[in-house]
Amino acid sequence: SEMHPGPMATRPTLYEKGKLRACHSFLFRVLKRKELAFSPAFKKSLEVLTELRNRGVNIYFTWPTVADHPESRCYDNPYIRRGVTLDSYAGQIKQQIESAGFTFLGEYEDGHFPASCFLDTYYHITQDCAIERTRVLVEQLREVNALPVNGSHTNADLLKIVEQKISPWLDG
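Residues numbered from 1 in each chain as written. Predicted model: local features only at pLDDT ≥ 70, side-chain atom pairs only at ≥ 80, totals over all residues. Heavy atoms only, no water.

Draft legend 1. Quick peek at the packing of aromatic side chains. Counted by the stated rule, this structure contains six aromatic pairs. Seen from their ring centres, Tyr75 and Tyr108 are 5.0 Å apart, and the 80° between their planes marks the pair as edge-to-face. On the criterion of sequence distance, the pair formed by Tyr75 in the loop between strand S4 (66-67) and strand S5 (79-81) and Tyr108 in the loop between strand S7 (103-105) and strand S8 (112-113) is long-range, its members being 33 residues apart. The exposure classification of Tyr75 matches that of Tyr108, with both residues buried. (Phe/Tyr/Trp six-rings, centres within 6.5 Å; stacked < 30°, edge-to-face > 60°. Helix = DSSP H or I, 4+ residues; strand = E, 2+ residues; numbered from the N terminus. Buried < 20%, exposed > 50% of the residue type's maximum accessible area, 1.4 Å probe, protein only.)

Right, dumping it as structure tokens:
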């Protein structure tokens, strides 16, 4: 029992046969079973990430950014497939990542944005919304005391570095 490596692995198009694909089917089109199982590709990636973690690299997982389309809301249906709720699916993902020894930041709702943030696909958001998502992500990193590997920076230093990187967008 294997799950597809993820929605972007096959580069789905937003439109199919000239018709807008609903966000729900776009995001969860590959889930066919009640139980979540990682694909061989994801398992291999997890092995690489584990090796990096063992060498001192801090690795954090977070949920994808998802934006509603004016004609299709994301996460509007509590069921992904018959008998599988979005909450249980998200819980299974988080549990498997954490049982592998990694930290998972936030909840899937943290990356959900309204249609006003939609850029060109359910996974791409406008600049203003991306800045907000980055701010939330930095706060989540702060909450778990995420520091660079060598520990030479404080959270304030990290936030300052991120703010410097995004300041051109904020000023523009």
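Additional details are given in the paragraphs that follow.
Draft legend 2. Spatial organisation of a nonpolar patch on the surface. Together, Val48, Leu52 and Val57 give the surface a local cluster of nonpolar side chains, amounting to about 210 Å² of exposed area. Topologically, Leu52 is positioned in helix H2 (residues 40-54). When its relative accessible area of 35% is taken as the criterion, Leu52 is described as partly exposed. (Patch = residues over 30% accessible without salt bridge, like charges linked within 9 Å, V, L, I, M, F, W, Y side chains within 5 Å. Areas by Shrake-Rupley, 256 points an atom, 1.4 Å probe, with all protein chains shown as cover. Salt bridge = Lys/Arg side-chain N within 4 Å of Asp/Glu carboxyl O.)

Draft legend 3. Here's a closer look at the side chain of His69. Secondary-structure assignment places His69 in the loop between S4 and S5. Look past the residues within four positions of His69 in its chain and what remains in contact with it is Leu14, Tyr15, Leu20, Ala115, Phe118 and Tyr122. (Contact = heavy atoms within 4.5 Å.)

Draft legend 4. Structural view of the nonpolar core. Counting residues in hydrophobic clusters, the biggest one holds 31 residues, and the most contacted among them are Leu27 and Tyr75. The biggest single contributor to this core is helix H3 (residues 86-99), with five residues. Setting aside chain neighbours within four positions, we find Tyr75 in contact with Leu27, Phe28, Val66, Leu86, Tyr108 and His112. (Core = buried A, V, L, I, M, F, W, Y, C linked by side-chain atoms within 4.5 Å.)

Draft legend 5. Quick look at H2. Look at H2: 21 Å from first C-alpha to last across 15 residues, which is about the 21 Å you get at 1.5 Å a residue. One or two residues past the end of H2 sits Gly56, with phi positive at roughly 105°. (Expected span 1.5 Å × (residues − 1).)

Draft legend 6. A look at the state of the cysteines. Under the definition given, this model contains one disulfide. Sulfur-sulfur distance for the disulfide between Cys117 and Cys129 comes to 2.0 Å. With the S-S bond torsion at -65°, the cross-link from Cys117 to Cys129 turns out left-handed. With Cys117 in the loop between S8 and strand S9 (118-121) and Cys129 in helix H4 (residues 127-143), this pair connects stretches of sequence that are twelve residues apart. Residues Cys117 and Cys129 agree in their burial class; the two are buried. (Disulfide = S-S within 2.5 Å.)

Draft legend 7. Just the pairing of S9, in detail. Where S9 lies against strand S10 (residues 124-125), two bridges are found, and the strand directions are antiparallel. Across the sheet, the residue bridging to Phe118 is Ile125, located in S10. The loop that links S9 with its antiparallel partner S10 comprises two residues. (Pairing = 2+ DSSP bridges.)

Draft legend 8. View of the confidence of the model for the protein chain. Chain-level statistics for the protein chain give a pLDDT mean of 78 and a share of 77% at 70 or above. Below pLDDT 50 for its whole length, residues 1-11 participates in 25 contacts with residues either more than four positions away or in separate chains. (pLDDT = per-residue confidence, 0-100.)

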